[in-house]
Amino acid sequence: MDEIVIELSDSVLRVELNRPSKRNAMTSSMYSTLATIFDKAARDEHTRAILWHGAGDSFCAGNDIEDFIKSPPGPGDSPQAQLMNALIDCDKPIVAAVHGAAIGGGTTMLTHCDFVYAGTSAHFQMPFVNLAVTPEFGSSCSIPAMIGYLQAAELILLGTPFDAHRACNLGFVTQVVPDQDLLATATDTARKLAQKPVGSLRASKRLMKRVFRDQLKAAVKAENEEFSALVQTEDAKEAFAAFLERRPAHFAGA
């Protein structure tokens, strides 16, 4: 079974994370595949909008920890970095439909989408500090810019979980809709976008993202350097071991 399923219909490329038994947790190969999909979609004249969602009961539970421990990202051209750059550079509209868990990267990846529809079951969390690492996908820059520093500090430094309605109140998602209407709502928006004049649609997105794009790339570079150093520390090793063993972590000096 393919871990990522794509389908092009009515100029909308549907991208489905398809690892439901693992709540669509991301492996290195999935990052690389997604990067290739978004890069190709950006160049494909038949694709005018992208619809992104998850199979099963979740959007994405973040990194697959077992896979992550075997292949942690480095400061250079890692699979994670490839996807980050693909999302930042994509000038076609991306519409996300989020239900269930959107954890870690499952939350931060959404900051690169142009429309984010959250089902009532959606719940978000950025537990990076709890895992002794840093935020990723440029979220240390984009999330304070989106929702303000104090709100971002609560969500990132404390790793506070938040539900769909709080996400909407913060301006993190476009709209909250019943789960049963989620995919249809997101699909309708993607189809409307696909009917727009493609040149002006892409140019308008580029213009809105223009100033911020360089800041995001700088943030991604800085995050990757910090992340790759921290992931080698004893605190990070303890955090990941505790996660896999389903116990509280015991950090040095805590």
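Residues numbered from 1 in each chain as written. Predicted model: local features only at pLDDT ≥ 70, side-chain atom pairs only at ≥ 80, totals over all residues. Heavy atoms only, no water.

**Q** Explain the pattern of salt bridges to me, and be specific about the residues and the numbers.
**A** Any two side chains of opposite charge can pair, so long as their charged atoms come close to each other. Summed over the entire model, instances satisfying the criterion amount to 15 salt bridges. Across the salt bridge formed by R19 and D64, the nearest N and O atoms sit 2.8 Å from each other. Note that R19 is positioned in the loop between β2 (12–17) and α1 (28–43) and D64 in the loop between β3 (49–54) and α2 (65–70), a separation of 45 residues in sequence. Residue class for R19 comes out buried when judged on its relative accessible area of 15%. With its nearest N and O atoms 2.9 Å apart, the salt bridge here joins K217 to D89. With K217 in helix α9 (residues 198–230) and D89 in helix α3 (residues 79–89), this residue pair connects regions lying 128 residues apart in the sequence. It is possible to trace a salt-bridge network through shared partners that takes in E3, R19 and D64. (Salt bridge = Lys/Arg side-chain N within 4 Å of Asp/Glu carboxyl O. Helix = DSSP H or I, 4+ residues; strand = E, 2+ residues; numbered from the N terminus. Buried < 20%, exposed > 50% of the residue type's maximum accessible area, 1.4 Å probe, protein only.)

**Q** A description of helix α10 (residues 234–245) should follow, citing residues and the corresponding values.
**A** Here α10 spans 16 Å end to end across twelve residues, near enough to the 16 Å set by a 1.5 Å rise per residue. At its buried positions, α10 is contacted by α2 and α9. Just downstream of α10, R246 is the residue with a positive phi angle, here 55 degrees. (Expected span 1.5 Å × (residues − 1). Contact = heavy atoms within 4.5 Å.)

**Q** So what about the side chain of T27? Which residues, and what values?
**A** If you trace the backbone, T27 turns up in the loop between β2 and α1. On the accessibility criterion, T27 (7% relative accessible area) is buried. Among the polar contacts listed, one links the side chain of T27 to the side chain of S29, at a separation of 3.0 Å. Setting aside residues no more than four positions away along its own chain, T27 makes contact with E3, R19, D64 and D67. (Polar contact = N/O pair within 3.5 Å; in protein donor to acceptor, adjacent residues only side chain to side chain.)

**Q** How would you sum up a nonpolar patch on the surface? Please name residues and give values.
**A** There is a patch of nonpolar side chains on the surface, built from V129, Y149, L150 and L157 and spanning about 460 Å² of accessible area. Assignment of secondary structure puts L150 in helix α6 (residues 149–157). Given a relative accessible area of 72%, L150 falls into the exposed group. (Patch = residues over 30% accessible without salt bridge, like charges linked within 9 Å, V, L, I, M, F, W, Y side chains within 5 Å. Areas by Shrake-Rupley, 256 points an atom, 1.4 Å probe, with all protein chains shown as cover.)

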